[in-house]
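This is what each chain is made of:
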Amino acid sequence: MARLLACWELGSGLGHVARLASVSRALGKIGHTSSFAARDVVTAGVLKNSPFESLIQAPIYMRGSKDGSIYTFSDVYEYAGLGDKSALAQLIRAWLSVFTATKVQGIYGSFSPVSILAAYVGGLPAARIGTPFTCPQASNIRSSVLPWRKKPPSRNEEVVDEVIRSVCKDFRVPVLDGLKGLLSTAQPFLTSWPEMEIGHTRTDVDYYGPLDGLAPAASANWNSKNQLRILVYMPKNNPRNNALAEALASFGAEKIWIDPRAKQETITDDFQIVSSPLDIRKSLESASLFVTRGGHGTALESISAGCPMLILPDTLETERNAWALASRGLAVAITGNDLASNHRLISENILRLTQTDAPHRLAAQALKEKYKHYAPNRAAHLLAVNIARSLRIE
């Protein structure tokens, strides 16, 4: 039996927690225990029947930039702390203290690059687990995160590489070949499907699918016999979603809007606000449309249910997800100023996507058929076995 540490540094929401919980649970079934060093211990604390031995606050970098400054994957890591030498050294020391306190023999991280570097410094094996965005290909680190964006003025693209090499020298470990070398020290595992990629399917990884990380929840309670049903999973009280709320209110369909932070209420006979947890996939099986910000996990749930999506992205990662899904005919994405004020554009696309013969619906149904035999528990077991092998703890 090995003692391991699940690590999470970057990003928000339950996706990272669900992913690592599922992996920890599967690793436990083959004899390995895990503690959890989380970016947000409050979010991580929502887990019922947590598979983790203990929950610890992860050392995190608090001086990062906004998404607008990011063009390449290398930029993502620069603003995560790997471009700030003095801060990076302190973070590595903090991670080494966590490793010592938990007495771990290896780590696996979800969007946790500094922990990977600390593991290298500390002589621990590491694995990377995540999505095409959070777990990029090491050899492709300088490619654009959002290929359709205009490249910013030239800047020093060697910053992260130089800092990593310098830190390696300071800690007296063999010098890595920059960021590419660092990511190569931790084998990647994708809890995703190829449809979430921009461009071609990767050959350096296996795709294990979305897994099941959180406790089971109830399906949506659709009240009416209306054939049109729209499920929404967005922050209800964010002003940028006012146009969406207006468009939905005037649309002839039953609507359920899920937001854990909103007040649960019935607005009209066909419009509910739900704050209690719901099983997204099961709820979508009888829905005509899924309106979402484009989170990776919920997008995969929609694929599993064969439901088309209207995506209103609000981060760099969700914009990337929206583009990938729209390019495959599975979704329509509305971004930028169009989202905040264009009630008409949103209404037109809701109408377009809820048509019975909409191409997006047919594409979604085809993927549902493709993945109908997917078994999350079997995938999690295979993933756990392969992670254990990569960490040399079989």
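This text goes with the structure placed above it.
On a predicted model such as this, the values are computed, not experimentally measured, just so you know. (Residues numbered from 1 in each chain as written. Predicted model: local features only at pLDDT ≥ 70, side-chain atom pairs only at ≥ 80, totals over all residues. Heavy atoms only, no water.)

Draft legend 1. Helix H3 (residues 73-82), seen in detail. Burial analysis of H3 places 9 of its 10 residues in the buried class, the great majority of the element. For H3, the complete set of buried residues consists of Phe73, Ser74, Asp75, Val76, Tyr77, Glu78, Ala80, Gly81 and Leu82. Against helix H4 (85-102), helix H5 (113-122), helix H6 (159-170), helix H7 (178-184) and helix H11 (316-327) lie the buried residues of H3. The backbone nitrogen of Ser74 lies 3.3 Å from a side-chain oxygen of the residue at the head of H3, namely Thr72. (Buried < 20%, exposed > 50% of the residue type's maximum accessible area, 1.4 Å probe, protein only. Helix = DSSP H or I, 4+ residues; strand = E, 2+ residues; numbered from the N terminus. Contact = heavy atoms within 4.5 Å. Polar contact = N/O pair within 3.5 Å; in protein donor to acceptor, adjacent residues only side chain to side chain.)

Draft legend 2. Seen up close, the environment of His373. Tracing the chain through its elements places His373 in the loop between helix H14 (359-370) and helix H15 (376-390). Its relative accessible area of 63% is what places His373 among the exposed residues. Sequence separation between His373 and Ser74 is 299 residues; the distance between their C-alpha atoms is 37 Å.

Draft legend 3. How the structure looks around the environment of Ala322. Counting through the fold element by element, Ala322 comes out in helix H11. Its relative accessible area of 1% is what places Ala322 among the buried residues. C-alpha separation for the pair Ala322 and Leu310, spaced 12 residues apart in sequence, amounts to 8.9 Å. When sequence neighbours within four positions are dropped, the list of residues in contact with Ala322 reads Ile311, Pro313 and Ala333.

Draft legend 4. Region of interest: the pairing of strand S10 (residues 271-274). Residues Phe271 and Ile273 of S10 are buried on one face, and the alternating residues Gln272 and Val274, pointing to the opposite face, are buried as well. Pairing geometry for strand S8 (residues 254-258) and S10, over 4 bridges, is parallel. Residue pairing for S10: Ile258 is matched across the bridge by Val274. For strand S9 (residues 265-268) and S10, the ladder comprises 3 bridges, and the chain directions are antiparallel. Among the inter-strand pairings, Thr266 is bridged to a residue of S10, identified as Gln272. If you look at the hairpin formed by S9 and S10, you'll find 2 residues sitting between the two strands. (Pairing = 2+ DSSP bridges.)

Draft legend 5. Layout of the packing of helix H8 (residues 242-249) against helix H13 (residues 343-353). Two elements in contact, H8 and H13, have axes separated by 9 Å at closest approach and are oriented at 50 degrees. Considered as vectors, H8 and H13 are oriented oblique to each other. In this structure, H8 meets H13 at a crossing whose hand is right-handed. Two secondary-structure elements touch here, H8 through Ala243, Leu244, Glu246, Ala247 and Leu248 and H13 through His343, Ile346, Ser347 and Ile350. Residue classes in the contact of H8 with H13 are distributed as 6 nonpolar, 2 polar and 1 charged. (Axes fitted to C-alpha atoms, helices over the stretch in contact; angles between N-to-C directions. Parallel < 35°, antiparallel > 145°, perpendicular 65-115°, else oblique. Left-handed = near helix turned anticlockwise from the far one by under 90°. Nonpolar A, V, L, I, M, F, W, Y, C, P; charged D, E, K, R; others polar.)

Draft legend 6. Geometry of the sheet that holds strand S6 (residues 186-190). Spatial strand order, S3-S2-S1-S4-S5-S6: 6 strands in an open sheet with parallel pairing. The open sheet has two edge strands with one neighbour each: strand S3 (55-57) and S6. Sheet twist, expressed as the mean angle between neighbouring strand axes with direction ignored, is 25 degrees. Contacting strand S1 (3-8), strand S2 (33-38), strand S4 (106-110) and strand S5 (126-130), helix H1 (residues 15-29) crosses the sheet at an angle of about 150 degrees to S4. On the sheet, H5 packs against S1, S4, S5 and S6 and is oriented at approximately 165 degrees with respect to S5.

Draft legend 7. Highlighting the nonpolar core. One finds Leu5, Trp95, Phe99, Ile107 and Leu179 to be the most contacted residues of the largest nonpolar core, which totals 48 residues. Counting residues per element, the ones that place at least two in this core are S1, H3, H4, H5, H6 and H7. Ranked by the residues each element gives to this core, the list is headed by H4, at 7 residues. If we ignore the near neighbours within four places in the chain, the residues touching Leu5 are Ser35, Phe36, Ala37, Ile56, Trp95, Val98, Phe99, Val104, Gly106, Ile107 and Tyr108. Counting 29 residues, the second-largest nonpolar core is a separate cluster that includes Phe189, Tyr208, Leu211 and Ala379. (Core = buried A, V, L, I, M, F, W, Y, C linked by side-chain atoms within 4.5 Å.)

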